[in-house]
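Coordinate analysis (summary)
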Amino acid sequence: KGFDIFLDLKLHDIPNTVKKSIEGLAKLPINMLTVHISGGKLMMLSAMEALKGTDIKVFGVTTLTSLSDIDTNQIYQRTAADQVNAMLDMAEEAKIDGVVCSPHELNLVTARESLLSITPGIRLSDSDDDQIRVMTPKEAIDLGSDYLVIGRPITHAKNISEALNTIFQSIN
């Protein structure tokens, strides 16, 4: 149908397994895919190697938008912003194309200039779901997001066309 496809599998495994998985996925008509940066530099380098000769971009997941600072302090012993910053360092070292991060950390990504950004956690209003670090589409774009992930505000809408129009109007 001519759509660009973002394959958000968040691959996270040993380098060889990720490389072999991506070699198989590279045969699909995808434009972008995701890996977890916490899989390490060698895993990301293996991902990039698997895509040599293609136009498919690799984006690394920094810290899930469902995690609060309490969660990241418990898991990583640092705030979400500090964890994202550490993941950005590794993403740059591995020379992946970009990162997936909450809109709250976009300033850290745009300061780097070498990484594109995909921003999940996009909501039109306050939501009562598992996303913690969220913003509106307009706020995320104003902060420099290259791509927005807008799932539930569309998929859970009673009228999808109306939801898409509301999102479009909120951006303009």
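One can find the structure itself at the top, above this paragraph.
Everything quoted here is computed from the prediction, not taken from an experiment.

Here helix 2 (residues 41-50) has its buried residues at M43, M44, S46, A47 and A50. The buried side chains of helix 2 occupy one side of the element, clustering within an arc of 155° when seen end-on. Its buried side turned inward, helix 2 meets strand 1 (6-11), helix 1 (15-25), strand 2 (32-36) and helix 4 (80-94).

Alignment of strand 4 (residues 98-100) against strand 5 (residues 116-119), held across 3 bridges, turns out to be parallel. Across the sheet, residue V99 finds its bridge partner in strand 5, namely S117. As judged from the 2 bridges shared by strand 5 and strand 6 (residues 147-148), these two strands associate in the parallel manner. Of the residues in strand 6, the one forming a bridge with T119 is L148.

Analysis parameters
Each chain has its residues counted from 1, following the order in which its sequence is written. Side-chain atom pairs in this predicted model are given and counted only at pLDDT of 80 or more, local residue features only at pLDDT of at least 70, and totals for whole chains, interfaces and linings cover all residues. To get the side-chain values, all heavy atoms of the structure are used, and hydrogens and water are removed first. Each residue's exposure class comes from its accessible area (1.4 Å probe, protein chains only) as a fraction of the maximum for that residue type: buried when under 20%, exposed when over 50%, partly exposed otherwise. A run of DSSP states H or I qualifies as a helix once it reaches four residues; a run of E qualifies as a strand once it reaches two. Both are numbered from the N-terminal end. Relevant arc is that of directions from the helix axis to the C-beta atoms, nothing else. Contacts were defined at the residue level, with two residues in contact if any of their heavy atoms lie within 4.5 Å. Note on pairing: two strands pair once DSSP finds at least 2 bridges between them.

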